[in-house]
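# A closer look at the structure
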Amino acid sequence: MICSFPRTANSTVFPDLYYKKEIELELVPQGSLAERIRAGGAGIPAFYTPSSVNTPLAEGKDTRDFDGKTYVMEYAIKADFSLVKCNLADRYGNLTYNKTARNFGPIMCTAAKTTIVQTKKIVEPGEIDPEIVVTPGIFVTKVVEVTNPEAESKLVAEDRRYPCQ
Amino acid sequence: MPITDKKIGWDRNQMAQKAALDIPDGSYVNLGIGMPELVSGFVPEGREVIYHTENGLLGMGQVPESGKEDPELINAGKKCITAIPGACFFHHADSFTMIRGSHIDICVLGAMQVSQEGDLANWSTGKPGAIPAVGGAMDLVAGVKTIFVITQHTTKHGDPKIIEECTYPLTGKGVVNRIYSNLAIIDVTDEGLFVRELAPEVTFEYLQQNTGAKLNEY
């Protein structure tokens, strides 16, 4: 798992696998994670960033000085699948999001071979003003309408497990 | 020996208020999780400060009224918040462009340790076995123009948190500009640590006894 904050309230799956050494964790500063995803979607294989220089998270990574300041090289990330939640979608895959739930969604849509998007509503083409489209449809493979999705954190807190009983 | 007397010095709100007083009108500010969040409650009259939360909002408002929480409007600490009129939402790459690209003026962070050179350790004690987590702290200290730290002066056990050299894994090297503790406000300069203000009843000698690095007077 590549992540910046692999701890959340009531989470059990990741800690269990981590302590059993059945999953490997690559811890990345949150901004480096975002930029690695952005680079992956943008066809840029790697870049230099000031984040994590002189810390354990830069150990073993290539560094280079620009204008007298040290930067660390980070590689792009590309996924086979991305699973993204949005607010509105049309059949071209044009998306808008809801408030801070936008999150990593728009960049992750660009960085996967197959991007599957859960939307609160599928609307007709033209119903989303082209001026406010956040993710252009070219980055989206499939959209799935889920009108009233449950918050994952609520399901986890209720100890609900997949597959559903 | 650490001799911190919990009865003297500023409380958490007073520390936050001190930090808020030093944030200029018109600043874009990011607040870390925990005590730094209190700073937004003390913006002095007549000043406008725009708060950034790295999960994708510029123009973060106060906590919503009970019953008006929106699970899709949260801050980096996953607490429900509000957006002020004139706020905007954006994705993580844009959010960290603001941070890393030095567009944010001030960041207020918590600390486990701060060194006399301004090194900050605030993400891990390095204890083996614990699942490490870092969030956006390393990007914030690498890119934000001014870094304030707000922290108790000593640990729960009374050990100094402001020390010659950090023993915990670093978040960033030479990044802290000013420390707001319950005992004093301290500037980190190229010439060392300088005491800017002492809390009521705190003497310079008492402060020095509770600090693991040499302090200087202006």
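This is a predicted model, so every value here is computed, not measured.

### Describing the overall build of chain B
Looking only at helices and strands, chain B has 4 helices and 13 strands in total. Against the globule reference of 17 Å for 218 residues, chain B gives a C-alpha radius of gyration of 17 Å, in line with a compact fold. Considered along the principal axes of its C-alpha atoms, chain B spans approximately 50 × 40 × 35 Å. Considering only intrachain contacts with a sequence separation of at least 6, the fraction spanning at least 24 residues in chain B is 63%.

### So, the domain arrangement of chain A
Residues and elements named next belong to chain A. Here chain A is partitioned into domain 1 (7–75) and domain 2 (79–157). Inter-centroid distance (C-alpha atoms) of domain 1 to domain 2 is 25 Å. With 7 residues of domain 1 at the contact, the number on the domain 2 side is 7 residues. By residue class, the composition of the side of domain 1 that touches domain 2 is 2 nonpolar, 4 polar and 1 charged.

### So, helix 2 (residues 30–42) of chain A
With 13 residues, helix 2 of chain A extends 18 Å between its outermost C-alpha atoms, agreeing within 8% with the 18 Å of an ideal straight helix rising 1.5 Å per residue. Most of helix 2 of chain A sits inside the fold, with 12 of its 13 residues counted as buried. Within the span of helix 2 of chain A, buried status applies to Gln30, Gly31, Ser32, Leu33, Ala34, Glu35, Arg36, Ile37, Arg38, Ala39, Gly40 and Gly41 of chain A. Next to the buried residues of helix 2 of chain A lie strand 1 (2–3), strand 3 (46–49), strand 5 (69–75) and helix 3 (105–110) of chain A together with helix 2 (92–100) and helix 3 (137–143) of chain B. After helix 2 of chain A finishes, the residue Gly43 of chain A shows a positive phi value of roughly 75 degrees.

### Observations regarding the interface of chain A and chain B
With 34 residues of chain A at the interface, the matching set in chain B holds 32 residues. Elements that contribute at least two residues to the side of chain A that touches chain B include exactly helix 1 (13–19), helix 2 and helix 3 of chain A. Top contributing element to the side of chain A that touches chain B by residue count: helix 2 of chain A, with 6 residues. A breakdown of the residues in the side of chain A that touches chain B according to their chemical character gives 16 nonpolar, 13 polar and 5 charged.

### What about the sheet that holds strand 4 (residues 83–89) of chain B?
Residues and elements named next belong to chain B. Read from one edge of the open sheet, 10 strands run 4-3-2-1-5-8-10-11-12-13, paired in mixed fashion. Each having just a single partner strand, strand 4 and strand 13 (215–217) make up the two edges of the open sheet. Neighbouring strand axes in the sheet, compared pairwise and without regard to direction, differ in orientation by 30 degrees on average. As judged from the 2 bridges shared by strand 2 (residues 50–53) and strand 3 (residues 57–60), these two strands associate in the antiparallel manner. Within strand 3, the residue paired with His52 across the bridge is Leu58. Where helix 1 (residues 12–21) meets the sheet, it contacts strand 5 (106–109), strand 8 (146–150), strand 10 (178–180) and strand 11 (184–189), and its direction lies at approximately 165 degrees from that of strand 8.

### Here's the deal with the sheet that holds strand 4 (residues 63–66) of chain A
All names here are of chain A. Strand order in this open sheet of 3 strands is 3-5-4, and the pairing throughout is antiparallel. What marks the edges here is a single partner per strand, and that holds for strand 3 and strand 4. Strand-to-strand twist of the sheet, defined as the mean angle between neighbouring strand axes without regard to direction, takes the value 40 degrees. Both strand 3 and strand 5 contribute to a ladder of 4 bridges, which runs antiparallel. From the neighbouring strand, Ala46 faces strand 5, where its bridge partner is Tyr75.

### Quick word on the pairing of strand 8 (residues 112–122) of chain A
All names here are of chain A. Here strand 6 (residues 79–89) pairs with strand 8 via 9 bridges, running parallel. By the bridge assignment, Phe81 is partnered in strand 8 with Thr114. Note that strand 8 and strand 9 (residues 142–145) share 4 bridges and pair parallel. Note that in strand 9 the partner of Ile116 across the bridge is Lys142.

### Describing helix 1 of chain B
Those residues of helix 1 of chain B not exposed but buried are Met15, Ala16, Lys18, Ala19 and Ala20 of chain B. Summarising the contacts, the buried residues of helix 1 of chain B are in contact with strand 5, strand 8, strand 10 and strand 11 of chain B.

### Some details on the confidence of the model for chain B
Mean pLDDT over chain B stands at 95; residues scoring 70 or higher make up 97%. With a pTM of 0.95, the predicted complex shows an ipTM of 0.94.

### Quick word on the environment of Gly192 of chain B
All names here are of chain B. As for its position among the elements, Gly192 is in strand 12 (residues 192–198). Classification of Gly192 as partly exposed rests on a count of 13 C-beta atoms within 10 Å. Placed 12 residues apart in sequence, Gly192 and Tyr180 show a C-alpha to C-alpha distance of 16 Å. Sequence-distant contacts of Gly192, that is, excluding residues within four places in its chain, are made with Gln116, Lys214 and Asn216.

The rules behind these values
For every chain, the first residue of its written sequence is number 1, and the numbers climb from 1 along that sequence. Chains and ligands are labelled sequentially in the order written, the chains with letters from A and the ligands with numbers from 1. Residue-level local features of this predicted model are given only where pLDDT is at least 70; pairs of side-chain atoms are given and counted only at 80 or more, and the full residue set underlies all totals for whole chains, interfaces and linings. Counting from the N terminus, the helices are the DSSP runs of H or I reaching at least four residues and the strands are the DSSP runs of E reaching at least two. The reference for a compact globule is 2.2 Å times residues^0.38; the radius of gyration itself is calculated from the C-alpha atoms. The contact criterion used is a C-beta to C-beta distance within 7 Å, with each C-beta placed from the backbone. By convention here, the domain bounds are inherited from an automatic or database domain assignment. Each residue gets one label: Ala, Val, Leu, Ile, Met, Phe, Trp, Tyr, Cys and Pro are nonpolar, Asp, Glu, Lys and Arg are charged, and the others, such as Gly, are polar. Multiplying 1.5 Å by the helix residue count minus one yields the expected span of that helix. Three exposure classes are used. Buried residues have 20 or more other C-beta atoms within 10 Å of their own C-beta, exposed residues have 12 or fewer, and partly exposed residues fall in between, all C-beta atoms being placed from the backbone. DSSP bridges decide pairing: two strands pair if at least two such bridges lie between them. Axes, fitted as lines to C-alpha atoms, cover a helix only where it is in contact. Angles between the N-to-C directions of the axes lie from 0 to 180 degrees. On a range of 0 to 100, pLDDT expresses the predictor's confidence in each residue.

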